[in-house]
Amino acid sequence: MWLRRAFFRWLLPAAFLLPLWLLVGWGVFQGGWAILWVLFIAIPSVFLGQLLLTLLTRSRPSVRADRAVSWCDVAGFTLWHGLTIAVGCFIPGVFPWLLTAAVIVGLALVWLQGWQLWSEAKGSGARFRETIAWSSFPASDDASPEPRPREVIIVQEKDPLG
């Protein structure tokens, strides 16, 4: 449980630290004109993607209640964050494969989060629609039953001295 809770707490800082790692990794390992790709494509997409994934994950009722992600989330985020860190190392010859894998795993993670959110919300949504359906409201022309007169008890006290 501690690992799942640690991932829950890691999701929001990851939105800032993973893009920062891409910039630092470019400075340490790459150099050159790749900075344009890093600044205008990689950093914004990782930042926005991680924020979207964090929002989808934390929207689930089970995650909010337990303050812990599921084991599928742990596996998916571990793989995606690991690939993002590997992309930031700019390894020659392997970089295109790592980048492709990171994009595919990121998209799969968006699908996984959406599917888990839908699965958890599916039952509650049907009940919500039932409660607000027009058929559940009484028709305005239906006569409401006559109210029963209430029984009223009046207690009078006599003054014993007077």
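None of the values given here were measured: they were computed from a predicted structure. The numbers attached to residues start from 1 for each chain and follow its sequence in the written order. For this predicted model, a pLDDT threshold of at least 70 governs which residues receive local features, and a threshold of 80 or more governs which side-chain atom pairs are given and counted, while totals over whole chains, interfaces and linings are taken from all residues. The side-chain values count all of the structure's non-hydrogen atoms but skip hydrogen atoms and water molecules.

Observations regarding the pattern of salt bridges
Alright, step 1. Salt bridges are defined by distance alone: a side-chain nitrogen of Lys or Arg within 4 Å of a carboxyl oxygen of Asp or Glu. Scanning all chains against the criterion turns up two salt bridges.
Alright, step 2. Taking the shortest distance from any N to any O, the salt bridge between Asp73 and Arg60 comes out at 2.6 Å. One end of the pair, Asp73, is in helix α4 (residues 71-87); the other, Arg60, is in the loop between α2 (34-58) and α3 (61-66), with 13 residues separating them in the sequence. Like Arg60, Asp73 is buried.
Alright, step 3. Its salt-bridge partner being Arg60, residue Glu120 comes within 3.4 Å of it at the nearest N-O pair. A residue pair is termed long-range when its members are at least 10 positions apart, and Glu120 in helix α5 (residues 95-132) and Arg60 in the loop between α2 and α3 qualify at 60 residues.
Alright, step 4. We call a residue buried when its accessible area falls under 20% of the maximum for its residue type, exposed when it is over 50%, and partly exposed in between, using a 1.4 Å probe and counting protein chains only. Assessed through its relative accessible area of 30%, Glu120 is described here as partly exposed.
Alright, step 5. On the accessibility criterion, Arg60 (1% relative accessible area) is buried.
Alright, step 6. Several salt bridges converge on common partners, so that one network encompasses Arg60, Asp73 and Glu120. Secondary structure is summarised from DSSP: a helix means a run of H or I of at least four residues, a strand means a run of E of at least two, and numbering begins at the N terminus for each.

Details of unusual backbone geometry
Alright, step 1. A positive phi angle, near 55°, is found at Arg67, a position not held by glycine.
Alright, step 2. In this structure, Arg67 sits in the loop between α3 and α4.
Alright, step 3. With phi around 50°, Phe90 is a residue other than glycine that occupies positive phi space.
Alright, step 4. In this fold, Phe90 is placed in the loop between α4 and α5.

Some details on the packing of aromatic side chains
Alright, step 1. To pair, rings of Phe, Tyr and Trp, with the six-membered ring standing in for Trp, must have centres within 6.5 Å; the planes then decide the type, stacked if under 30 degrees apart, edge-to-face if over 60, and tilted in the middle. Taken as a whole and assessed by the stated rule, the structure comprises six aromatic pairs.
Alright, step 2. Centroid distance Trp37 to Phe95: 5.6 Å. Interplanar angle 80°. Geometry classified as edge-to-face. Taken together, the positions of Trp37 in helix α2 and Phe95 in helix α5 put the pair 58 residues apart, joining distant regions of the chain.
Alright, step 3. With a relative accessible area of 24%, Trp37 lands in the partly exposed category.
Alright, step 4. With a centroid separation of 6.1 Å and 5° between ring planes, the pair formed by Trp111 and Trp115 is classed as stacked. With Trp111 and Trp115 both in helix α5 and four residues apart, the pair spans about one turn of that helix.

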